[in-house]
Amino acid sequence: MQRGEWVAQALTVLGLESSCDDSAAAILRRSPDGSVEILSSVVKSQTDLHAAFGGVVPEIAARAHAEILDICVEEALAQANLPLAEVDALAVTAGPGLIGGVVSGVMLAKGISAATGKPLYGINHLAGHALTPRLTHGTAYPYLMLLISGGHCQFLVVKSADSFERLGGTIDDAPGEAFDKIARLLGLDQPGGPAVEICARSGDPARFPLPRPLLDRDGCDLSFSGLKTAVLRLRDRVVEETGGLRLSDRADICAAFQASVTDVLAEKTRRALTIYAAEKPQTATFCVAGGVAANASIRAALETVSAETGADFVAPPLALCTDNAAMIAYAAMEQMTTRAPDDMTLSARPRWPLDQSSPAMLGGGKKGAKA
Ligand code: KG4
Ligand code: ZN
């Protein structure tokens, strides 16, 4: 299959995703007029399997993906009411992520490709997230994206389906990882983000002042590791002073933590938009993706910053903000117009930065490589 051969044809793509703790398969169809429809999108979360361990256990995740991915494919085909024969091409997350899970997906996709002769595209998981606003809102290139999830945190200028510029990102943990850790510290459920958000609703964000990491540093890099430590110390201090944690203490700590993350993300977004606006003077578009974008206070603050700087704000629906296979199939649809398929040498890449020209960000989070 040569590059560009798929342009202006009806096209059906089966996507697979298994880079963290969600096993997913989806079928997308592009009509000759260019419109794209999600025929099915199956996501099976492994949250229950990892609950007892307080975080994602890579070996358990890999085994679960290997056991359930083919069932996801069968369900995706059934929901789309399509036989596999009508799928034109396969797309699979080939990284970055937890290596065992990525290998499970790549092996399954290679197997289907070898058995059916269908072309295979290895997709960067981050490209899937970054291109989602085009699938959901038809957003035109270029745009600025903030990807905030359990494993990722970066500002990307999305220039085309295979050209990304990273303006900044976390130098240690991802914000979702921090939410999950705070929930563990306070004895709340996992995933921590929704639990902390609910608990924070009745809290007073002003009772415990927490730091706003890296605001004293120029640019739009972020850090959440020190904030986690500050919350740990705060919890221990409250326990020491009052003999335990009351519900109101928990709520006030959650509210203080959420306020800090919100302030930092809002200010760094303001800076990223300023940097981006200097590059692109026309009306800028600012998009968010990732599970943390589900947080109402964070989302509202980002929308406000966007409005203040005159940028259009795009937030894909939550089911397509979090990990899914529709975004992987869609990224392949875009890349198929410019590149040839991968072959059987396609390998899983635990680390795979989108912007190859920028220096690698530090650290590897519990939920996978941040890239
Ligand atoms: O994008 P996602 O589903 O998976 C990856 O990490 O790639 O994001 C999951 C992360 C978890 O850390 C979860 O705690 C966080 O997103 N999250 C939230 C909220 N909902 C999910 N964080 C803050 N507030 C929320 N409402
Ligand atoms: Zn993700």
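Q: Help me get a handle on the site of ligand 1, residues and values and all.
A: Ligand 1 sits among 19 residues. The nearest are Gly150, Asp180, Gly193, Glu197 and Gly291. Backbone polar atom of Gly150 to an oxygen atom of ligand 1: 2.7 Å apart, as the coordinates give it. For ligand 1, the protein covers 91% of the area, taking 560 Å² as the surface of the free molecule. Of all elements in the fold, only helix 5 (175-185) and helix 6 (192-200) reach the threshold of two or more residues within the shell around ligand 1. Counting residues per element, the shell around ligand 1 draws most heavily on helix 6, which supplies four residues. Residue composition of the shell around ligand 1, by class: five nonpolar, 10 polar and four charged.

Q: Tell me about a nonpolar patch on the surface, and please be specific about residues and values.
A: A surface patch of nonpolar side chains, amounting to about 260 Å² of accessible area, comprises Ile99, Val103 and Met107. Assignment of secondary structure puts Met107 in helix 3 (residues 99-116). Residue class for Met107 comes out exposed when judged on its relative accessible area of 52%.

Q: Provide a residue-level description of the coordination of the zinc ion (ligand 2), including the pertinent values.
A: Ideal values differ by geometry: the angle at a metal is 109.5 degrees with four tetrahedral donors, but 90 or 180 degrees with six octahedral donors. For the zinc ion (ligand 2), the protein coordination sphere consists of His125 (NE2), His129 (NE2) and Asp323 (OD), at 2.1 to 2.2 Å. Between the four donor atoms coordinating the zinc ion (ligand 2), the angles at the centre fall across 82 to 137 degrees, so the site counts as irregular. For the zinc ion (ligand 2), the donor residues sit on a single chain with the sequence spacing H-x3-H-x193-D. One end of the pair, His129, is in helix 4 (residues 125-137); the other, Asp323, is in the loop between helix 10 (318-321) and helix 11 (326-335), with 194 residues separating them in the sequence. Owing to a relative accessible area of 1%, His129 belongs among the buried residues under this scheme.

Q: Describe the side chain of Asp180, listing the residues and the values that go with them.
A: Counting through the fold element by element, Asp180 comes out in helix 5. Residue classification places Asp180 among the buried positions, given a relative accessible area of 11%.

Q: I'd like a description of the pairing of strand 1 (residues 11-17), backed by residues and values.
A: In terms of residue burial, strand 1 counts as a mostly covered element, since seven of its seven residues are buried. Residue alternation in strand 1 divides its side chains into two sets, Leu11, Val13, Gly15 and Glu17 and Thr12, Leu14 and Leu16, and both sets are buried. Direction of pairing for strand 1 relative to strand 2 (residues 22-30): antiparallel, over a ladder of seven bridges. Bridging across to strand 2, Glu17 finds its partner in Ala24. Relative to strand 4 (residues 89-95), strand 1 runs parallel, the two sharing four bridges. Paired with Leu14 across the bridge in strand 4 is Leu90.

What counts as what
Residues numbered from 1 in each chain as written. Chains lettered and ligands numbered in written order. Predicted model: local features only at pLDDT ≥ 70, side-chain atom pairs only at ≥ 80, totals over all residues. Heavy atoms only, no water. Near = heavy atom within 4 Å. Polar contact = N/O pair within 3.5 Å; in protein donor to acceptor, adjacent residues only side chain to side chain. Areas by Shrake-Rupley, 256 points an atom, 1.4 Å probe, with all protein chains shown as cover. Helix = DSSP H or I, 4+ residues; strand = E, 2+ residues; numbered from the N terminus. Nonpolar A, V, L, I, M, F, W, Y, C, P; charged D, E, K, R; others polar. Patch = residues over 30% accessible without salt bridge, like charges linked within 9 Å, V, L, I, M, F, W, Y side chains within 5 Å. Salt bridge = Lys/Arg side-chain N within 4 Å of Asp/Glu carboxyl O. Buried < 20%, exposed > 50% of the residue type's maximum accessible area, 1.4 Å probe, protein only. Donors = N, O, S within 2.8 Å, 3.2 Å for Na, K, Ca; no water. Tetrahedral: all angles 85-135°; square planar, octahedral: opposite > 155°, others 65-115°. Pairing = 2+ DSSP bridges.

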